[in-house]
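The lines below spell out each chain.
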Amino acid sequence: MSESVRKMLRAKLVVLGRDNSGKTALCVRFITRRFIGEYEHKREVTYRCQKIVDKEAIELEILDTVNKECVGPAASSLESSIKWGDGFLIIYSVTDRSSFEAVSRLKRLIDHVKQTLGIPTVIVANKCDMENGRVVRTDEGQALASDLRSVCFALTDNSTAISDSMK
Ligand SMILES: Nc1nc2c(ncn2[C@@H]2O[C@H](COP(=O)(O)OP(=O)(O)OP(=O)(O)O)[C@@H](O)[C@H]2O)c(=O)[nH]1
């Protein structure tokens, strides 16, 4: 098939994680390549953008969720978001242990809803610039990612490192 008629690949990504872990900051940074301090935090937003992945253009839809618990009234909304997604980013803050503990629960829910263990999931350790406030060690993040058969990235959303890793 010629390049011009070839359909563009599409993927739907869902960004999950506890409140204040940095989901929106990460999405905004990914889309705009800038760290922006002021933005709408408490709203679920779907971003659309095109990126080049492995030399191929891909149209991404990125769902930035608001914090939803795996149990209780918000659970069905969380499950709907998971059903919608093709791939997942689970983000925690290295300064907040409860956000780290939420990662396993979210990953288990993804596996349960998708009924398979092979769903692409990346775990993101965020706020690595806040070394003084760190309560989750790097090796804990790596061990968890390995337990959950996921990839783990350490990021800080307001450094240049992220823009390089996310180009
Ligand atoms: N120092 C530092 N602050 C960050 C980083 N990422 C996000 N923040 C800040 O952390 C706060 C929470 O970030 P958000 O992106 O709103 O977090 P969220 O997960 O979307 O939060 P909810 O909307 O409550 O679910 C904001 O004040 C951000 O500016 C980071 O890498 N380093």
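Thresholds, definitions, all that
- All residue numbers refer to positions counted from 1 along the written sequence of the respective chain.
- Only residues with pLDDT of at least 70 get local features here, since the model is predicted, and only at 80 or more are side-chain atom pairs given and counted; chain-wide, interface and lining totals rely on the full set of residues.
- Side-chain measures here rest on the full set of heavy atoms in the structure, leaving out hydrogens and waters.
- Confidence of the predictor at the level of single residues is given by pLDDT, which spans 0 to 100.
- Helix numbers and strand numbers start at the N terminus; a helix is a DSSP run of H or I with at least 4 residues, a strand a run of E with at least 2.
- Contacts between residues were defined by any pair of non-hydrogen atoms, one from each residue, lying within 4.5 Å.
- Geometry is summarised by axes, namely lines fitted to C-alpha atoms with helices restricted to the contacting stretch, and by angles between N-to-C directions that run from 0 to 180 degrees.
- Left-handed is the label given to a crossing in which the near helix is rotated counterclockwise from the far helix by less than a right angle, and right-handed is the label when the rotation is clockwise.
- Any residue that is not Ala, Val, Leu, Ile, Met, Phe, Trp, Tyr, Cys, Pro, Asp, Glu, Lys or Arg is counted as polar, Gly included; the first ten are nonpolar and the last four charged.
- Each residue's exposure class comes from its accessible area (1.4 Å probe, protein chains only) as a fraction of the maximum for that residue type: buried when under 20%, exposed when over 50%, partly exposed otherwise.
- As used here, the term nonpolar core means buried Ala, Val, Leu, Ile, Met, Phe, Trp, Tyr and Cys residues forming a set that is joined through side-chain atoms within 4.5 Å.
- The rule is short: rings of Phe, Tyr and Trp, with Trp giving its six-membered ring, pair when the centres are within 6.5 Å, and they are stacked under 30 degrees, edge-to-face over 60, tilted in between.
- Working rule: Lys NZ or Arg CZ, within 6 Å of ring centre, within 35 degrees of ring normal, means a charge sits over the ring.

### Some details on the confidence of the model for the protein
Next up, step 1: Averaged over every residue, the pLDDT of the protein is 82; the share at 70 or more is 76%.
Next up, step 2: Taken element by element, the predicted model of the protein shows its lowest mean pLDDT in helix H5 (residues 160-165) (40) and its highest in strand E4 (residues 87-93) (95).
Next up, step 3: Note that residues 160-167 has pLDDT below 50 and, in this model, 11 contacts with residues that lie over four places away or in other chains.
Next up, step 4: Scored as a whole, the predicted complex attains pTM 0.85, and scored at its interfaces, ipTM 0.97.

### Quick look at the packing of helix H2 (residues 75-84) against helix H3 (residues 97-114)
Next up, step 1: Contact geometry for H2 and H3: axes closest at 10 Å, N-to-C directions at 65°. Crossing angle aside, the handedness with which H2 passes H3 is right-handed. Residues Leu78, Glu79, Ile82 and Lys83 of H2 form the contact with H3, whose own contacting residues are Leu106, Leu109, Ile110, Val113 and Lys114.
Next up, step 2: Class assignment for the residues of the contact of H2 with H3 results in 6 nonpolar, no polar and 3 charged.

### Let's talk about the environment of Lys107
Next up, step 1: Considering the arrangement of structural elements, one finds Lys107 in helix H3.
Next up, step 2: Between the C-alpha atoms of Lys107 and Leu89, which are 18 residues apart in sequence, the distance is 9.7 Å.
Next up, step 3: Ignoring anything within four residues of it in the chain, the contact list for Lys107 reads Ile90, Leu117, Thr121, Leu148, Arg149 and Ser150.

### Re the environment of Arg108
Next up, step 1: Looking at the element boundaries, Arg108 is found in helix H3.
Next up, step 2: On the accessibility criterion, Arg108 (54% relative accessible area) is exposed.
Next up, step 3: C-alpha separation for the pair Arg108 and Leu148, spaced 40 residues apart in sequence, amounts to 8.6 Å.

### Quick notes on the nonpolar core
Next up, step 1: Counting 23 residues, the largest nonpolar core has Leu16, Ile82, Phe88, Tyr92, Val103 and Ile110 as its most contacted members.
Next up, step 2: For this core, the secondary structure elements donating two or more residues are strand E1 (9-16), H2, E4, H3, strand E5 (121-126) and helix H4 (138-147).
Next up, step 3: By residue number, the principal contributor to this core is H3, which donates 6 residues.
Next up, step 4: In this structure, Ile82 is in contact with Leu16, Phe88, Leu109, Ile110, Val113 and Lys114, ignoring residues within four places of it in sequence.

### Remarks on the packing of aromatic side chains
Next up, step 1: In this structure the tally under the stated criterion is 1 aromatic pair.
Next up, step 2: The positively charged end of Lys51 is found above the aromatic ring belonging to Phe30, 4.5 Å away from the centroid.

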